[in-house]
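# Commentary on secondary and tertiary structure
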Amino acid sequence: MTIGVPVCRETETCAAVAARLEGEVVVVLDSDGMACGWLTAAALTTASPGQLIGEVMEADIPTVSPTLPAEAAAQLMRERGVEFLFLMHDWPGVPRPSAVITRRAIETRLTEATHGAG
């Protein structure tokens, strides 16, 4: 799990966000600062550089509770066909991203726990 999630505004261009994105995903914030979507670095590279993030983002943010066991989170990801799940903190009425976890990270940890790390 990575604590802290890169964010951008839906009105930014794909080129501007791609230029500063260091990770694999970014959460999109609307004009009120609320999470309204997300997209991957790979999606940024296939979008037109001048296109607005709001035009290419995925509106359905795949979220997970921090209390969900890793095996259940991996299963949820397989069922939804996603590689990332976001942990959101909900200050009264203001959902914002707090962490992201990848399916690869979960499956690696589960494999290590089952077969030993060494």
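My aim in this report is to walk through the structure given alongside it, one point at a time.

About the cut-offs
- Residues numbered from 1 in each chain as written.
- Predicted model: local features only at pLDDT ≥ 70, side-chain atom pairs only at ≥ 80, totals over all residues.
- Heavy atoms only, no water.
- Core = buried A, V, L, I, M, F, W, Y, C linked by side-chain atoms within 4.5 Å.
- Buried < 20%, exposed > 50% of the residue type's maximum accessible area, 1.4 Å probe, protein only.
- Helix = DSSP H or I, 4+ residues; strand = E, 2+ residues; numbered from the N terminus.
- Polar contact = N/O pair within 3.5 Å; in protein donor to acceptor, adjacent residues only side chain to side chain.
- Contact = heavy atoms within 4.5 Å.
- Phe/Tyr/Trp six-rings, centres within 6.5 Å; stacked < 30°, edge-to-face > 60°.
- Salt bridge = Lys/Arg side-chain N within 4 Å of Asp/Glu carboxyl O.
- Pairing = 2+ DSSP bridges.
- Axes fitted to C-alpha atoms, helices over the stretch in contact; angles between N-to-C directions.
- Parallel < 35°, antiparallel > 145°, perpendicular 65-115°, else oblique.
- Left-handed = near helix turned anticlockwise from the far one by under 90°.
- Nonpolar A, V, L, I, M, F, W, Y, C, P; charged D, E, K, R; others polar.

### A closer look at the nonpolar core
- Core analysis: the largest hydrophobic core is formed by 12 residues, namely Cys8, Cys14, Val17, Leu21, Val26, Val28, Cys36, Leu39, Leu44, Ala47, Ile53 and Met57.
- Every element with two or more residues in this core is listed here: helix 1 (14-20), strand 3 (25-29) and strand 4 (35-40).

### A closer look at the side chain of glutamate 12
- Secondary-structure assignment places glutamate 12 in the loop between strand 2 (7-9) and helix 1.
- Under the relative-accessibility criterion, glutamate 12 is labelled buried at 18%.
- A polar contact is formed between the side chain of glutamate 12 and the backbone nitrogen of arginine 9, at a distance of 2.7 Å.
- Setting aside its immediate chain neighbours within four residues, glutamate 12 contacts Val17, Arg20, Gln51, Leu52 and Ile53.

### Topic: the packing of aromatic side chains
- In this structure the tally under the stated criterion is 2 aromatic pairs.
- Seen from their ring centres, tryptophan 38 and phenylalanine 84 are 6.2 Å apart, and the 70° between their planes marks the pair as edge-to-face. Here tryptophan 38 is found in strand 4, whereas its partner phenylalanine 84 is found in strand 5 (residues 84-91), with 46 residues between them in sequence. For the pair shown, tryptophan 38 and phenylalanine 84 are each scored as buried.
- Their ring planes at 65° and their centres at 5.5 Å tell us that tryptophan 38 and phenylalanine 86 sit as a pair that is edge-to-face.

### Here's the deal with the pattern of salt bridges
- All told, the structure shown has 5 salt bridges when counted by the stated rule.
- A salt bridge links arginine 80 to aspartate 60; the nearest nitrogen and oxygen atoms lie 2.8 Å apart. You can see arginine 80 sitting in helix 4 (residues 70-80) and its partner aspartate 60 sitting in the loop between helix 3 (53-56) and helix 4, a full 20 residues away along the chain.
- With a closest N to O distance of 2.6 Å, glutamate 83 and arginine 103 form a salt bridge. Placement of the pair is glutamate 83 in the loop between helix 4 and strand 5 and arginine 103 in helix 5 (residues 103-115), with a sequence separation of 20 residues.
- The exposure class assigned to glutamate 83 is partly exposed, which follows from its relative accessible area of 37%.
- Residue arginine 103 is classed as buried on the basis of its relative accessible area of 18%.

### Here's the deal with the sheet that holds strand 2
- One open sheet accounts for 3 strands, arranged 2-3-4; its pairing is mixed. Looking at the sheet topology across the chains shown, the edges are occupied by strand 2 and strand 4. Each neighbouring strand pair of the sheet contributes to a mean axis angle of 35°, computed without reference to strand direction.
- Of the strand pairs in this sheet, strand 2 and strand 3 are connected by 3 bridges, and their pairing is parallel. For cysteine 8, the partnering residue across the bridge sits in strand 3 and is valine 28.

### With respect to the packing of helix 4 against helix 5
- At a minimum axis distance of 10 Å, the contact between helix 4 and helix 5 shows a crossing angle of 140°. It follows from the interaxial angle that helix 4 and helix 5 lie oblique. As helix 4 runs across helix 5, the sense of the crossing is left-handed. Taken together, the residues of helix 5 that come into contact with helix 4 (itself represented by Ala70, Glu71, Ala73, Ala74, Met77 and Arg78) are Arg103, Ile106, Glu107 and Leu110.
- A class-by-class count of the residues in the contact of helix 4 with helix 5 yields 6 nonpolar, no polar and 4 charged.

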